[in-house]
Every structure is written in structure tokens, then in C-alpha cells.
Amino acid sequence: IQVEVGPLSASKQEKIVEEIKKSVSEVPNHPGSMPYPGFNFGINTFLSERIEETVSGYVADFVVEIIGLELANIDKDAKNIAQLMETLPYFENIKIVTPLEAPLIKVSLKHEKISERGLNSEEINKIFETIFRGVNISEIIDGERKIPITIVANKSLKSNINQIKNLNFVSKNGVNFKISDIANIEYDTGKSKILRSDGKRLQVITADVKNISLNVLEDEFKKTVRQKIKLSPNNYLAYSGNTTATNTTINNLFISSLIAFSGVILLLKFALKTTKNLIIVLLNLPFCLIGGVTAVFISGGWLSVGAMVGFVTLFGITIRNSIMLVSHFQYLVEIEKLPWNFNTALQGASERLPSILMTAIVTGLGLLPLVIGSGEPGREIEGPMASIIVSGLITSTILNLLIFPSLLLRYGDFSYKNA
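Here's a quick rundown of the structure. These numbers come from a predicted model, not from an experiment.

**Some remarks on the pairing of strand 1 (residues 62–68)**
Working step 1: Extensive coverage of strand 1 is indicated by the burial of seven of its seven residues.
Working step 2: Burial of the side chains of strand 1 extends over both faces: Phe62, Val64, Ile66 and Gly68 are buried on one face and Val63, Glu65 and Ile67 on the other.
Working step 3: Sheet topology places strand 1 next to strand 10 (residues 200–209); seven bridges connect them, and they run antiparallel. When the sheet's bridge partners are listed, valine 63 is paired in strand 10 with threonine 206.

Here is the structure:
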């Protein structure tokens, strides 16, 4: 069911979501009662639902799979783990995907009685197929259309085992018998669906996450499970969902960034010509971290994939601004033949001020709408990324124009011009 609630602020949308959750989980004036027994509800934005289904196949932040051989043991472990998750403050909307016990009608054939009457199991199975599923006996051809003719039992008969037991039949050999003579029929519970993975049976628990960073959630939960849950023999756990995907993505992003950063350092070495200037440019990176880290703490202290991408982008912008300043200082010293002193540093920073400042302002204004609406549904990735970039640009631009020239003036090396 798609519900459009916008355009509204993030706080108002969150309030509406809470009201929807309450309406599908409780009957008014009857706390604890279920308005729709047998149904599980999950509320997600379109973007988050598509991402979660792609990542794990389930619409949830955190997914635990209990894999094993015996269904009873798997369900027992799943129930224990779900109860443990209920006690932890950072899980909500905890659901066991396959119902542990589903109502069913159990039919057990009396093979001896069937043989005594000269019947066979195929005939009996055909009877039960007709009662519960229906059987095609013919079809009507109307031009190019084929309309099947099916014998089916009415709905009241299917759900009343006493009526089924008393049904009378005559076999093709003329033998009269009742269903109760050749089969036991009783109400029972069992599995309505059995999930499998790589030839093994499994049970799945899904949950949404609150008030904890996805980066630490999986390790924290694994530690708790090891301490409080003893799995049945031959059972083991597998984790998926946004938490596992986030950790994997961050690790891949870190490795890729490290490789790219190594290449950037090599290129900077050739461009800046001296190791001193290279080190000063790299020391300039913490300037952008100040604003970025501040934005992370303001947003709750969680480092998401979007925030990591924001930091990588911010590092690139900061290094580019540093290169612009150093290259202009090199131009003033080498081409304009100015001595490297305070006046030259001031002139270079002043001349590069418009380009650096305009780049920061245009980037900041372009990302500002994402920052303002960063808490709204659908902006789970862009919101944190934009907040990191904008906050980091503010601190890096100011410090880049004030502190960086001072470091170059005090420790920079432009003596290679005389080489």
C-alpha cells in the first residue's frame, strides 16, 4: 500500500508514520489487541524498501538467518533469538518471517482399511484433491477460448472436518465407504512455508534498527548472542541486511579510497616538487574534518555510507584548494620573481580568494536543500553526505585561507627555484 504524505517536514512525516504504526498494531480503546491477526506490517519509504530488498531480499535493516537441518530446532533457536532481540533497546519491529505454527488439516490414510475394501491410495488421494483443491473434468471450447469445468467442494465443507469424515463415496468397483473409514482427519499445526538456502532449511528474523550505529550493531549483537544463546546442534547463524551491507561497503570504500589516496600523493609529489610542501598539504586535511565531524555528531553520531562518501568528496575539495594556493605561490615566486615572505603569501591568498570562495559558496548552496531536508524519507544517503560536505566546506575554506598560507610561510620550501 503506497501512502503519499508529502510535502511535509521530516518531523511531521515521522509523526504520521508513528500514527500509522499505532493504527495497524492496536485496536482503539483495547491496548495490546491486534486489529489484523495473522498480518505483519512494515513501514518503509520507496527508496529504503528497494535498497533493503536488493541487499538482503527482506525489507528490514537487520536480518538474522538461522540455518540447519531440523525444523523444530531451527524454530526453537529462532524463537529464543527473537525474544532476546525484544529485550535489546536498539531493535524494533522484530518479526519471524515464517510462522512457527500455522493451522492446518492433517489427513492420515488408513492403508490397511483401504486394502481391505479393495481400494487404492490413488483413488483416495483423488477424493481429497477434489475436496480441497478441485479437479478439472472437462472444458468448453468457445471459439478460441477454452473454459475449464472444475468440480470443487464448497467453502463450508473444506473447513468442517466432521462433514468431511461423514462423506459417502462409491468406488469404481461398487464399494461403499465413508471418509472416516479409510482416513483420520484432524486439526493440527505445522509449517505453511519452509525457507531453504543451499539445500538447508532456515528461519529468518527481521528487525529495524534505532539509536545505534550500523557499523557497531552486528559485532555488538554477535557478542550478545554468544553470551546468552546456545544454538541447537548443526544450527548456525548468518547475517544480512543494511548492517552487513554497510560494513562491507565501508570496507570496500576504505580500500578504494586508500588506493586512490596513494595515487594522489604520488601525483602531488610531482606537482609540488618538495616533500615539505606535500606534507603541509596533507596536514591541511584535518581542516575539513572539523566541520565534517561536527555534522556527524549533530546528526546523532552515526557514520553512514553517505557520510563516508561525503568525507571522501570533502578531502578531494580540500586538496584541490590547497593545490590552487600552492601552485599560485609557485607562480609568484618562479615567474613573478617575488621573494617568499609574508607579503607574497598574503598576495597569493588574496588572489585565490574569489575562486576558492565562489566554489565553496556554489557547492554549499547547491547542497543546502538536501541538508535542510536530510531527515526526510528518501534522503537516507544524500542527506548525511550533503551535511558532511557543507559543514566541512565552511571550516576548510576559512582555515585553508588563513592557516594554510601561514604554515607554508613558516615551513614551506620554494628554494628549488634556484636549482
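Continuing now.
**Regarding the nonpolar core**
Working step 1: The biggest cluster of nonpolar side chains holds 23 residues, and the ones touching the most others in it are Phe62, Met85, Phe91, Ile205 and Phe221.
Working step 2: Listed by contribution, the elements that provide at least two residues to this core are strand 1, helix 3 (71–87), strand 2 (91–96), strand 10, helix 9 (214–228) and strand 11 (236–241).
Working step 3: Contacts of methionine 85, omitting those with residues within four sequence positions, involve Phe62, Phe91, Ile94, Ile205, Ala207 and Phe221.
Working step 4: Grouped together as the second largest cluster of nonpolar side chains are 19 residues, Val281, Phe329, Ile356 and Phe414 included.

**Topic: the pattern of salt bridges**
Working step 1: Per the stated rule, a full pass over the model turns up one salt bridge.
Working step 2: Residue aspartate 142 is joined to arginine 145 by a salt bridge in which the shortest nitrogen-to-oxygen separation is 3.9 Å.
Working step 3: You can call aspartate 142 partly exposed: its relative accessible area is 44%.
Working step 4: Of the residues examined, arginine 145 reaches a relative accessible area of 53% and is grouped as exposed.

**Details of the packing of helix 13 (residues 305–334) against helix 14 (residues 342–372)**
Working step 1: For the pair helix 13 and helix 14, the least separation of the axes is 9 Å and the interaxial angle reads 145°. Two packed elements cross with a definite hand, and for helix 13 against helix 14 that hand is right-handed. Of the residues in helix 14, those touching helix 13 at Arg320, Asn321, Met324, Leu325, His328, Phe329 and Leu332 are Thr344, Ala345, Gln347, Gly348, Ala349, Glu351, Arg352, Ser355, Ile356 and Thr359.
Working step 2: Partitioned by chemical class, the residues of the contact of helix 13 with helix 14 number seven nonpolar, seven polar and three charged.

**Describing the packing of aromatic side chains**
Working step 1: Under the criterion given, the structure shown has ten aromatic pairs.
Working step 2: On the basis of an interplanar angle of 40° and a centroid distance of 5.9 Å, the ring pair of phenylalanine 62 and tyrosine 239 is categorised as tilted. Separated by 177 residues along the polypeptide, phenylalanine 62 in strand 1 and tyrosine 239 in strand 11 bring together distant segments of the chain. Judged on exposure class, the residue phenylalanine 62 and its partner tyrosine 239 are both buried.
Working step 3: Between phenylalanine 221 and tyrosine 239 the ring centres are 6.1 Å apart and the planes differ by 85°, which places this aromatic pair in the edge-to-face class. Here the residue phenylalanine 221 occupies a position in helix 9, and tyrosine 239 occupies one in strand 11, the gap between them amounting to 18 residues. The burial state of phenylalanine 221 is the same as that of tyrosine 239; both residues are buried.
Working step 4: Through a chain of ring-to-ring contacts, three or more aromatic side chains come together here, namely Phe62, Tyr90, Phe91, Phe221 and Tyr239.

**Considering the side chain of aspartate 208**
Working step 1: Take aspartate 208: it is sitting in strand 10.
Working step 2: Overall, the relative accessible area of 12% leaves aspartate 208 in the buried class.
Working step 3: Excluding anything up to four places from it in sequence, aspartate 208 contacts Ala60, Asp61, Tyr90, Phe91, Glu92 and Asn93.

**With respect to the environment of serine 322**
Working step 1: One can find serine 322 in helix 13.
Working step 2: A relative accessible area of 0% means that serine 322 is categorised as buried.
Working step 3: Among residues more than four places away in sequence, those in contact with serine 322 are Val281, Asn284, Asn400 and Phe404.
Working step 4: Reaching out from serine 322, the side chain makes a polar contact with the backbone oxygen of threonine 318 at a distance of 3.0 Å.

Analysis parameters
- Residues numbered from 1 in each chain as written.
- Predicted model: local features only at pLDDT ≥ 70, side-chain atom pairs only at ≥ 80, totals over all residues.
- Heavy atoms only, no water.
- Buried < 20%, exposed > 50% of the residue type's maximum accessible area, 1.4 Å probe, protein only.
- Helix = DSSP H or I, 4+ residues; strand = E, 2+ residues; numbered from the N terminus.
- Pairing = 2+ DSSP bridges.
- Core = buried A, V, L, I, M, F, W, Y, C linked by side-chain atoms within 4.5 Å.
- Contact = heavy atoms within 4.5 Å.
- Salt bridge = Lys/Arg side-chain N within 4 Å of Asp/Glu carboxyl O.
- Axes fitted to C-alpha atoms, helices over the stretch in contact; angles between N-to-C directions.
- Left-handed = near helix turned anticlockwise from the far one by under 90°.
- Nonpolar A, V, L, I, M, F, W, Y, C, P; charged D, E, K, R; others polar.
- Phe/Tyr/Trp six-rings, centres within 6.5 Å; stacked < 30°, edge-to-face > 60°.
- Polar contact = N/O pair within 3.5 Å; in protein donor to acceptor, adjacent residues only side chain to side chain.

Functional significance is not addressed by these values, which are geometric in nature.
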